[in-house]
Amino acid sequence: MACGYDLVLVLHVASAVVLLGLLVFVAFNWREPLAPRFGLVLGFLLLWTLAYVAELSVVGLSVKQTWANVQFVSAAVLPLLWLLTMRKAVGARPLPRTLLAVLWLGCAATIVSVFADPGGLFRGEPTLDLTGPLVLVDADYGLLYYGLWLPFAYGLLLWTIVGLTGAAVRGQGLVRARGRLLLVATLLPMIAGLLFIVGLLPWRNFNPAMSSLSVSVLLLAVVLVRHRMFDLTPLARDAVIDQLPDAIIVVDARGLLVDLNPAARGLLPELSPDVLGQPLESLLGKRPALRSAVSRARADRGETAGGEQSRESGPGAEQAVALSVSGPELRAEPEERHYSLHVTPVVRGGESVGEVIVLRDVSESVRLYRHLRRLANTDELSGLLSRRRLLELGSREVARARRHARPLAVLLLDLDRFKLVNDVRGHVVGDEVLRALGAICRAELRESDLAGRYGGDEICIVLPELDEHGASAVAERLRAAVAELSIDCDGETLGVTVSIGVAAASVDETTTLKGLVAAADVALYEAKHEGRNRVGAGVEALA
C-alpha cells in the first residue's frame, strides 16, 4: 500500500520539477510571442500538480477537499488557456472579443461554483475512500459538475484537438511533429478523465488524469526543447499565404529554415518539409544564383557583416534571379524562369528575429520586356538592327577603333530598282525581298559585324577590324549571294540584285560613323551609275 502511494507521489513531484524547469526555459524566452501564454499554461499546470501532491499527502477530509478546490482553479482555467495557446501556435485567427469574454466568464463561474458549492450542487456529501492503497476523496459530484464544468472543459479541449489535428495532418516537418506531440499531450489527460467519469476504471475515486498529465508534461518538454517551439513558431503561417502564387521562405535570426509555403516547395524541391530547421545557406548549395541574389538583397538592405540589420535600413532592394524549373511532368525538360526577389526582415522589439524571402515569377514580364526591347532594337521586317540601334552600336565601334588605332569599314547596300518591284509586284513581294536580304546578311557576316536597316531598302553594315580590301571582299560576297536569290512570285521566279558602296579609312580622331556612311553613300551612287549589281569601293571617309 505504501509502495503504491510513494510511486504516485514521486511521479507527481518529478512532474512538478520538470514543470519548474520548463518555466525557467520559458522565462529565458519570454520575448517570444508564444512564451507568455505558454508560461501561464505551465504555471497553472504546476499549481494543479502541487495541489494534487498536497491532497495526497494530507489526511483529513476537509483539508483534502480544500486542496481539491485549488486544483479546480487550474482545471477551470487550463482548457481555455490551452485552446488560446494552441490557436496561436498553429496560426489560427484570434477569437472575437465577445466570445472570449463569455468563455472567461464560464471559467469564473466554474471557480465560484467549486468554492461556494451552492446547495451542494457541485459536491453533495463528500467522504473518504479507504478501500484502496491511497486515501482518496469520494467527491459525490452533482449537477454543476456534470452540467457546467464537464461540458465547458471538454468542449474547449475538443475544440483544441480539432485545431491540433489539422496541424498534425497538414503541417510541414517540425510543425507537423510538434502538432502530433501536442495532440497526444492534450488527448492523454482528456481520455483518462473521461474513463474516470464514465466509471470504466478499477479505482472508482482515483482520477488518472493528473497522472497522465505527468506524461503530457514530458511531451511539452520535448516540444519546447527538441522541436524548438519558440524559435520555430511559424512567422507567416495562415491560409492566405498557403494560397499565394509567390514563393515565400522564412528563416530565423540564425539563418535556419523556419517555414515555406506550397509555392516555395514547388519551385525549390530541395526545400522539403523534412529539412525545416536546417541552414538555408547549405540547402541552397546547388542554387548559386539564388544565394547570390539573397546576399545582394541583404547588402542593399544595409545588413552588417555580423548579420545584424541597421535601424535605418529598409526592406532591401528588388533583385532579379533566373532559376531552372522542372516542368509539371517528371520527364519534362527544365526551363529557365525569372523571379524578382525581396528579403524583408521580421523585427520584434527593435531586434531582427528572422527574414521573409519572397520570390515572384516575373517570367512573362521579362519576356514582354525582351520583346519590346527587341522591337526597339530590331527591324521587324528584315530582322536586322534598327537604324537607332545601328547608329548607337556603330558609334561605339568607331570610338573603339579610334582608341586602339584599328581599321574599320562601312558598307551601304541598296536594292536595284526596288521601287519597280513594289509598284509592279506589290509590297508583299517587296517585303519578302527585304526579309531574304536580311537573311543573307545574317548568314554571310561575322558575329562581330553590325548590320541594320538604314532606311527604305538601304542596309548599312559596320565591319570592325577590316580595311578596304577586306571590306570589298565581304561586299562582293554579299552581292553574289543576292544575285543568286530567287523569290517565288505567283508561280514566277523573281531575281534581284544589289549595289554596294564601300568606305574604309585609317581611323583617326576625325573619323566619325556619319562620315563613313556618307563616303559609302558616294561609292554606292557610283556603283549605281556604272550599271548596278556591282561594288563601288575606294572612297575615303568624309570628315
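This text goes with the structure placed above it.
Notes on the structure follow.

Each value, and the rule that gives it
- Residues numbered from 1 in each chain as written.
- Predicted model: local features only at pLDDT ≥ 70, side-chain atom pairs only at ≥ 80, totals over all residues.
- Heavy atoms only, no water.
- Helix = DSSP H or I, 4+ residues; strand = E, 2+ residues; numbered from the N terminus.
- Buried < 20%, exposed > 50% of the residue type's maximum accessible area, 1.4 Å probe, protein only.
- Contact = heavy atoms within 4.5 Å.
- Areas by Shrake-Rupley, 256 points an atom, 1.4 Å probe, with all protein chains shown as cover.
- Expected span 1.5 Å × (residues − 1).
- Salt bridge = Lys/Arg side-chain N within 4 Å of Asp/Glu carboxyl O.
- Core = buried A, V, L, I, M, F, W, Y, C linked by side-chain atoms within 4.5 Å.
- Polar contact = N/O pair within 3.5 Å; in protein donor to acceptor, adjacent residues only side chain to side chain.
- Phe/Tyr/Trp six-rings, centres within 6.5 Å; stacked < 30°, edge-to-face > 60°.
- Lys NZ or Arg CZ within 6 Å of the ring centre and 35° of its normal.
- Axes fitted to C-alpha atoms, helices over the stretch in contact; angles between N-to-C directions.
- Parallel < 35°, antiparallel > 145°, perpendicular 65-115°, else oblique.
- Left-handed = near helix turned anticlockwise from the far one by under 90°.
- Nonpolar A, V, L, I, M, F, W, Y, C, P; charged D, E, K, R; others polar.
- Pairing = 2+ DSSP bridges.

All right, on to the overall build of the protein then. In terms of helices and strands, the protein carries 17 helices and 14 strands. Every one of the 543 residues in the protein was classed for burial, and the buried ones make up 47%. In the protein, once contacts between residues fewer than 6 apart in sequence are set aside, the share between residues at least 24 apart is 62%. When the accessible surface of the protein is totalled, it reaches about 27400 Å², and 59% of it is carbon and sulfur.

Attention now moves to helix 15 (residues 427-444). For helix 15, built from 18 residues, the straight-helix expectation of 26 Å at 1.5 Å per residue is met to within 8% by its first-to-last C-alpha distance of 26 Å. Among the residues of helix 15, Val429, Gly430, Val433, Leu434, Ala436, Leu437, Gly438, Ile440 and Cys441 are the ones counted as buried.

As a further point, take the pattern of salt bridges. A side chain with one charge can pair with a side chain of the opposite charge if their charged atoms come near. Here the structure, examined in full by the defined rule, presents 20 salt bridges. When the shortest N-O distance is used, the salt bridge between arginine 337 and aspartate 361 registers 2.8 Å. Residue arginine 337 is found in strand 6 (residues 335-348), and its partner aspartate 361 is found in strand 7 (residues 351-361); the two are separated by 24 residues along the sequence. Judged by relative accessible area, which is 24%, arginine 337 ranks as partly exposed. By relative accessible area, which is 36% here, aspartate 361 ends up partly exposed. Taking the shortest distance from any N to any O, the salt bridge between lysine 528 and aspartate 414 comes out at 2.6 Å. Here lysine 528, found in helix 17 (residues 513-529), pairs with aspartate 414, found in strand 8 (residues 408-415); they are 114 residues apart in sequence, far enough to count as distant. Counted as one network, the salt bridges with shared partners bring together Arg388, Arg389, Glu392 and Arg396.

Within the largest apolar cluster, 38 residues are counted, with the highest numbers of intra-cluster contacts made by Trp149 and Leu220. Those elements that provide at least two residues to this core are helix 1 (2-28), helix 2 (35-57), helix 3 (61-89), helix 5 (143-170), helix 6 (173-197) and helix 7 (209-226). Tallying contributions element by element places helix 5 first for this core, with ten residues. When residues no more than four places from it in sequence are discounted, the contact partners of tryptophan 149 are Phe72, Ala75, Ala76, Thr110, Phe122, Leu144 and Tyr154. Of all hydrophobic cores here, the second largest spans 36 residues; its members include Ala481, Leu485, Val502 and Ala504.

If you trace the backbone, glutamate 281 turns up in helix 10 (residues 280-283). Taking the relative accessible area as the measure of exposure, glutamate 281 reaches 41% and is therefore partly exposed. Between the alpha carbons of glutamate 281 and glycine 255 there is a distance of 7.3 Å; along the sequence they are 26 residues apart. Here the side chain of glutamate 281 touches arginine 291 through a polar contact of 3.0 Å, side chain to side chain.

Before going further, it helps to examine the packing of aromatic side chains. Here the structure, examined in full by the defined rule, presents eleven aromatic pairs. Measuring from ring centre to ring centre gives 5.1 Å for phenylalanine 72 and phenylalanine 122, while their planes differ by 90 degrees; the resulting arrangement is edge-to-face. With phenylalanine 72 in helix 3 and phenylalanine 122 in the loop between helix 4 (97-116) and strand 1 (127-129), the pair connects residues that are 50 residues apart, well separated along the chain. A relative accessible area of 8% means that phenylalanine 72 is categorised as buried. Judged by centre distance (6.3 Å) and plane angle (90 degrees), the ring pair of tryptophan 149 and tyrosine 154 falls under edge-to-face. Across this residue pair, the class does not change: tryptophan 149 and tyrosine 154 are buried. Taken together through their ring pairs, the aromatic side chains of Phe72, Phe122, Tyr141, Tyr145, Tyr146, Trp149 and Tyr154 make up a single cluster. The ring of tyrosine 454 carries arginine 387 above its face, with NZ or CZ at 4.1 Å from the centroid.

Topologically, arginine 123 is positioned in the loop between helix 4 and strand 1. A polar atom in the side chain of arginine 123 sits 2.5 Å from the side chain of asparagine 69. With residues up to four places along the chain from it excluded, the contact list for arginine 123 reads Gln65, Ala68, Asn69, Phe72, Val114, Asp117, Ala139, Asp140, Tyr141 and Gly142.

Right, let's talk about the packing of helix 2 against helix 3 for a bit. Look at helix 2 against helix 3: their axes get within 8 Å of each other, and the N-to-C directions meet at 160 degrees. The angle between the axes of helix 2 and helix 3 places the two elements in the roughly antiparallel class. Like other packed secondary-structure pairs, helix 2 and helix 3 cross with a definite hand, here left-handed. Its residues placed into classes, the contact of helix 2 with helix 3 shows 22 nonpolar, three polar and four charged.

Across the seven residues of strand 10 (residues 458-464), seven count as buried, placing the element largely inside the fold. Of the two faces of strand 10, both are covered, the one formed by Glu458, Cys460, Val462 and Pro464 as well as the one formed by Ile459, Ile461 and Leu463. Strand direction decides the pairing type here: strand 8 and strand 10, joined by seven bridges, are antiparallel. The residue bridging alanine 409 from the neighbouring strand is leucine 463, located in strand 10. Bridge count for strand 9 (residues 450-455) against strand 10 is five bridges, and the pairing is antiparallel. Bridging across to strand 10, leucine 450 finds its partner in valine 462.

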